Amino acid sequence: VQEEKIFAGKVLRLHVCTMEGAEWLEEVPEDTTVEKLKERCLKHCVPGSLEDPKTVTHHKLIHATSEKVLTDTKTVLEENIQDRDVLLLVKKRAPTLLPKMADVVAEEKRKQEQKAPDKDAILKATANLPARSADRTVTHHNMRDFQTELRKILVSLIEVAQKLLALNPDAVELFKKANAMLDEDEEDRVDEIALRQLTEMGFPESRAVKALRLNHMSVTQAMEWLIEHADDPSVDAPLPGQAPAEAPAEGAASSAEAAAGPSSEEGGEEAKDELTEIFKKIRRKREFRPDPRAVIALMEMGFDEKEVVDALRVNNNQQNAACEWLLGDRKPSPEDLDKGIDTNSPLFQAILENPVVQLGLTNPKTLLAFEDMLENPLNSTQWMNDPETGPVMLQISRIFQTLNRT
């Protein structure tokens, strides 16, 4: 019996795989080094590869179960490899070659060529071009002029609509119809679904109505307002112009009776005057209501209450725009809001000559739409979608845009 066979180590049967899909069994003693095992594997899968001494160092054996890379100098036993374990023969990735100095210089030169020009280079290249600067402040000013012009158009069209309705022999009946529309519109201002959500939370109905009107029918903001003002003694106080809402209606009704009183022989001049007063009372029903939160926030900045209310009225209750107005030139002024457009201007003449506008001005609902948009510009979408007033507003918008481009 030979000595090496008596004292030989345990033989392990290992399953070896390659990335290309080759598989085979290797039988090696447990005292075999990983490097020797790797050489045997390379002889099996890549014949003749050992002629290049770098071939062994460019490959590695990985224990599949533990995902451990085996060390070449250690034995199979030291790497704790067991019988029937699976090993993976993998070729190492070639190290990334360092770029050549010439390539680095060329890349830096390319980046410099693609670099954006500085201010001096831009001014030098555009020195001979005509100056055409569109300042943002000018653009903002033009937008403000658009809003102001549109408001002037509405003011003048309201006067025309009042005169046309006053000339109608059924003027009083038309007024009664307009007043009924106004009252109905006032009732519809509270979103029933939003009101129900707040009342189901436990808030009193009257208080919930007030919160919704103050917060543009937003349930979330109304709820925050109710919680914030829960202990406020004046939380149930009516909004300005809300409590005496019946008084103008009674005054309007008495005016309607007065307008109906004079006979046709006594003339329509007095009836026209009465009807004009009635429409003024209708307009007073839609008095501007400043956003209480915006008023408080702007007053805390040091502005007077009257100035704050004027700023919010000019800027449709938009707090940021009102702040800019207070800090700026304060144009347009609150007095400009009640001025109409030049009746001899091409724009106003084109609007009045439009058949759709002419027909719409004889409808009391159109007058109410103009009045509402004058005091509540945010409601313009509602009137644009209305089948009676929508076509009139569409024609006015088209005429304005057409003449504004020329």
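The coordinates are above.
From a predicted model like this one, the values you see are computed outputs, not experimental measurements.

Asker: Is there a simple way to explain the overall build of the chain in this structure?
Answerer: Counting secondary structure elements, the chain contains 20 helices and five strands. For the chain, with 406 residues in total, the buried portion stands at 34%. Considering only contacts in the chain between residues 6 or more positions apart, those separated by 24 or more positions represent 58%. With an accessible surface of roughly 26,200 Å², the chain has 53% of that area assigned to carbon and sulfur atoms.

Asker: So what exactly am I meant to see when it comes to the nonpolar core here?
Answerer: Within soluble globular proteins, side chains that are nonpolar tend to cluster in buried spots. The biggest cluster of nonpolar side chains holds 24 residues, and the ones touching the most others in it are Ile-153, Leu-157, Leu-347, Ile-351, Phe-370, Met-373 and Ile-396. Element by element, the count of residues in this core is highest for helix 6 (residues 136-167), at seven residues. If you look at the next biggest cluster of nonpolar residues, it comprises 16 residues, including Leu-14, Val-34, Val-56 and Leu-89.

Asker: Which parts of the structure should I look at to understand the pattern of salt bridges?
Answerer: Pairs may arise between side chains of opposite charge once their charged atoms sit close together. One pass over the full model with this rule turns up ten salt bridges. Its salt-bridge partner being Asp-72, residue Lys-38 comes within 3.0 Å of it at the nearest N-O pair. Here Asp-72 lies in the loop between strand 4 (68-69) and strand 5 (86-91) and Lys-38 lies in helix 2 (residues 34-45), a separation of 34 residues in the sequence. Between Asp-310 and Lys-306 there is a salt bridge whose closest N-O contact spans 3.1 Å. Of this pair, Asp-310 and Lys-306 both sit in helix 14 (residues 305-314), four residues apart, which is roughly one turn of that helix.

Asker: Got a minute to help me understand the packing of helix 8 (residues 192-200) against helix 10 (residues 219-228) in this structure?
Answerer: Two packed helices can be described by the angle between their axes and the distance between those axes. The geometry of helix 8 relative to helix 10 is characterised by a closest axis approach of 10 Å and an angle of 40° between their N-to-C directions. For the pair helix 8 and helix 10, the crossing hand works out as right-handed. Two secondary-structure elements touch here, helix 8 through Ala-194, Gln-197 and Leu-198 and helix 10 through Val-219, Ala-222, Met-223 and Leu-226. By residue class, the composition of the contact of helix 8 with helix 10 is six nonpolar, one polar and no charged.

Asker: Hey, could you run me through unusual backbone geometry in this one?
Answerer: For residues besides glycine, phi is generally negative; the peptide bonds are generally trans as well. One non-glycine residue, Arg-84, adopts positive backbone phi at about 70°. Here Arg-84 is to be found in the loop between strand 4 and strand 5. Unusually for a residue other than glycine, Arg-330 sits at a positive phi of about 60°. Its place among the elements puts Arg-330 in the loop between helix 15 (319-327) and helix 16 (346-352). Since its relative accessible area comes to 27%, Arg-330 is described here as partly exposed.

Asker: Would you mind showing me how to read the sheet that holds strand 4 here?
Answerer: The pairing of strands in a sheet happens through backbone hydrogen bonds and is either parallel or antiparallel. With mixed pairing, five strands are arranged side by side in an open sheet as 2-1-5-3-4. Looking at strand neighbours, the two that pair on one side only are strand 2 (23-29) and strand 4, the edges of this open sheet. Where strand 1 (residues 11-18) lies against strand 5, four bridges are found, and the strand directions are parallel. By the bridge assignment for strand 5, His-15 is matched with Val-86. Against the sheet, helix 2 contacts strand 1, strand 2, strand 3 (59-63) and strand 5, and its axis sits at roughly 145° relative to strand 2.

Asker: Sorry if this is basic, but what is going on with helix 18 (residues 364-375) here?
Answerer: In an α-helix, one full turn covers 3.6 residues, which means residues spaced three or four apart are oriented alike. Taking 1.5 Å of rise per residue, the twelve residues of helix 18 would be expected to cover 16 Å, and the 17 Å separating its terminal C-alpha atoms lies within 8% of that figure. The buried fraction of helix 18 amounts to twelve of the twelve residues, a majority that puts the element mostly inside the structure.

Asker: Could you clarify how one ought to interpret the pairing of strand 5 in this entry?
Answerer: Of the pairings in the sheet, the one linking strand 3 to strand 5 comprises five bridges and is antiparallel in character. What sits directly across from Lys-60, in strand 5, is Val-90.

Asker: How do you make sense of helix 2 when you look at a structure like this?
Answerer: With twelve residues, helix 2 ought to run about 16 Å at 1.5 Å a step, and its terminal C-alpha atoms sit 16 Å apart, in line with that. Within helix 2, the full set of buried residues consists of Val-34, Leu-37, Lys-38, Cys-41 and Leu-42. Projection of helix 2 onto a plane perpendicular to its axis shows the buried side chains occupying an angular sector of 140°, all on one side.

Asker: Is there a simple way to think about the side chain of His-59 in this case?
Answerer: Inspection of the secondary structure assignment puts His-59 in strand 3. Of the residues examined, His-59 reaches a relative accessible area of 13% and is grouped as buried. Setting aside chain neighbours within four positions, we find His-59 in contact with Lys-38, Leu-42, Leu-89, Val-90, Lys-91 and Lys-92.

Asker: What's the story with the environment of Phe-370 in this structure? I'm lost.
Answerer: Considering the arrangement of structural elements, one finds Phe-370 in helix 18. When sequence neighbours within four positions are dropped, the list of residues in contact with Phe-370 reads Leu-154, Leu-157, Ile-158, Leu-361, Val-392, Met-393 and Ile-396.

Asker: Mind showing me how you'd approach the pairing of strand 1 here?
Answerer: Regular strands place side chains that alternate from one sheet face to the opposite one. Where strand 1 meets strand 2, seven bridges bridge the pair, whose relative direction is antiparallel. Bridge assignment links Leu-14 to a residue of strand 2, and that residue is Glu-26.

Asker: Explain the environment of Gln-162 here, please?
Answerer: Tracing the backbone shows Gln-162 in helix 6. In this structure Gln-162 comes out as buried when scored by relative accessible area, which is 15%. In sequence terms Gln-162 and Leu-361 are 199 residues apart; their C-alpha atoms lie 8.5 Å from each other.

Cut-off values and rules
- Residues numbered from 1 in each chain as written.
- Predicted model: local features only at pLDDT ≥ 70, side-chain atom pairs only at ≥ 80, totals over all residues.
- Heavy atoms only, no water.
- Helix = DSSP H or I, 4+ residues; strand = E, 2+ residues; numbered from the N terminus.
- Buried < 20%, exposed > 50% of the residue type's maximum accessible area, 1.4 Å probe, protein only.
- Contact = heavy atoms within 4.5 Å.
- Areas by Shrake-Rupley, 256 points an atom, 1.4 Å probe, with all protein chains shown as cover.
- Core = buried A, V, L, I, M, F, W, Y, C linked by side-chain atoms within 4.5 Å.
- Salt bridge = Lys/Arg side-chain N within 4 Å of Asp/Glu carboxyl O.
- Axes fitted to C-alpha atoms, helices over the stretch in contact; angles between N-to-C directions.
- Left-handed = near helix turned anticlockwise from the far one by under 90°.
- Nonpolar A, V, L, I, M, F, W, Y, C, P; charged D, E, K, R; others polar.
- Pairing = 2+ DSSP bridges.
- Expected span 1.5 Å × (residues − 1).
- Arc of directions from axis to C-beta.

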